[in-house]
Amino acid sequence: MSRPEPVHRSSEWVQREYGREKWPAVARMVEEESRAESDPGRADLGRVLGRVARREACPDGALAPSQMTVAGSRVGVPRAVAHAAHQGFVLDVVGEACTPTTALVIELGSGWGRNLLSLWLSGGPASAEYVAAEYTEAGRRVAAQLAAMDPRLKFRSVAWDYRHPDLSMLGRFDEAVVFTVHSVEQLPQLPAEAIDTIRGLADRVTCLHFEPVGWQLGETEQSGSTADYAAQHDYNRNLVELLREQERQRRLNIELILPDVIGENPANSTTLIVWRASENGS
């Protein structure tokens, strides 16, 4: 089998893949599932989101055979198991990072809002503002449409570009929880300004990265992610280096790293990195 041509993951590539293909397809699912409600004018967020998420994650059915990684080991499972395990891990870890005083919960590269809205539905802080920060207009539109189904939810959808990071429109909060789920991967080289922007969101910032960067840790054996796979797909190659440099500058503290802990794609498994902004960081 011939090796596929390497990807050049430019802004235009991301806009085509997500802004013109994947998220408009999800928008059509949202419309279909909203119309399927007994009262389409008062569609329930949990019901619609659940059905759309299942259709997107399991296009061949919940029982379709799939491979995943768990703690570095590859196992064969039904597709629904791989999806539910990864989603549950993200939601439980982010939910545990939130506190009763968390004022802002924001996902960077939020896509169509599945993770952020699922966090709200699974018991995220009731009084916090939830912000979906997304590059594509299509993703922002779907997230806002879904969020509007629950009037209790304080929600904003804002434009976000890792290459030109700006969240000044949000103001500053006392406490923020920020997370990314395989969105930093879309940037071959993440600029330091993106980390500075995250740190500037609040007096107390906790950031969680769920990204396929285990190979960047320099371990001798990596079973769920590789430099070769990242290069072939033009995925991120500097997140760990960037965070370690900021830690050396005492701008943040890396509190936890779990390499290749879980992966819906065994070749591109998720590593969890948790850091907090330093009180004396500038």
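Cut-offs used in this document
- Residues numbered from 1 in each chain as written.
- Predicted model: local features only at pLDDT ≥ 70, side-chain atom pairs only at ≥ 80, totals over all residues.
- Heavy atoms only, no water.
- Helix = DSSP H or I, 4+ residues; strand = E, 2+ residues; numbered from the N terminus.
- Buried < 20%, exposed > 50% of the residue type's maximum accessible area, 1.4 Å probe, protein only.
- Contact = heavy atoms within 4.5 Å.
- Areas by Shrake-Rupley, 256 points an atom, 1.4 Å probe, with all protein chains shown as cover.
- Pairing = 2+ DSSP bridges.
- Salt bridge = Lys/Arg side-chain N within 4 Å of Asp/Glu carboxyl O.

**Q** I keep staring at the overall build of the chain and nothing clicks. Help me out?
**A** Of the regular secondary structure elements, the chain holds 8 helices and 9 strands. Based on the C-alpha atoms only, the size of the chain along its principal axes is roughly 55 × 55 × 35 Å. The proportion of buried residues among the 282 residues of the chain is 54%. A fraction of 72% describes how many contacts in the chain between residues 6 or more apart in sequence connect residues 24 or more apart. With an accessible surface of roughly 13100 Å², the chain has 51% of that area assigned to carbon and sulfur atoms.

**Q** Can you help me understand the pairing of strand E6 (residues 173-181) in this one?
**A** Two faces make up the sheet, and in a regular strand the side chains alternate between them. Among the 9 residues in E6, 8 count as buried, and that is most of the element. With 4 bridges joining them, strand E3 (residues 104-108) and E6 adopt parallel strand pairing. Among the inter-strand pairings, Glu107 is bridged to a residue of E6, identified as Phe179. Here 8 bridges tie E6 to strand E7 (residues 202-211), and the two strands are oriented parallel to one another. By the bridge assignment, Val178 is partnered in E7 with Cys207.

**Q** Which parts of the structure should I look at to understand unusual backbone geometry?
**A** Negative phi is the rule for most residues except glycine; trans is the rule for most peptide bonds. The phi dihedral of Asp234 is positive, around 60°, even though this residue is not glycine. Here Asp234 is to be found in the loop between helix H7 (227-233) and helix H8 (239-248).

**Q** Could you clarify how one ought to interpret the pattern of salt bridges in this entry?
**A** Between side chains of opposite charge, a pair can form when the charged atoms approach closely. Going through the model one piece at a time under the given rule, you end up with 21 salt bridges. Among the ionic pairs, Asp150 bridges to Arg152, the shortest N-O distance being 2.8 Å. Judged by relative accessible area, Asp150 falls into the buried class, the value being 7%. Judged by relative accessible area, which is 60%, Arg152 ranks as exposed. We note a salt bridge from Arg248 to Glu245, for which the minimum N-O separation is 2.7 Å. In this pair, Arg248 and Glu245 both sit in helix H8, 3 residues apart, roughly one turn of the helix.

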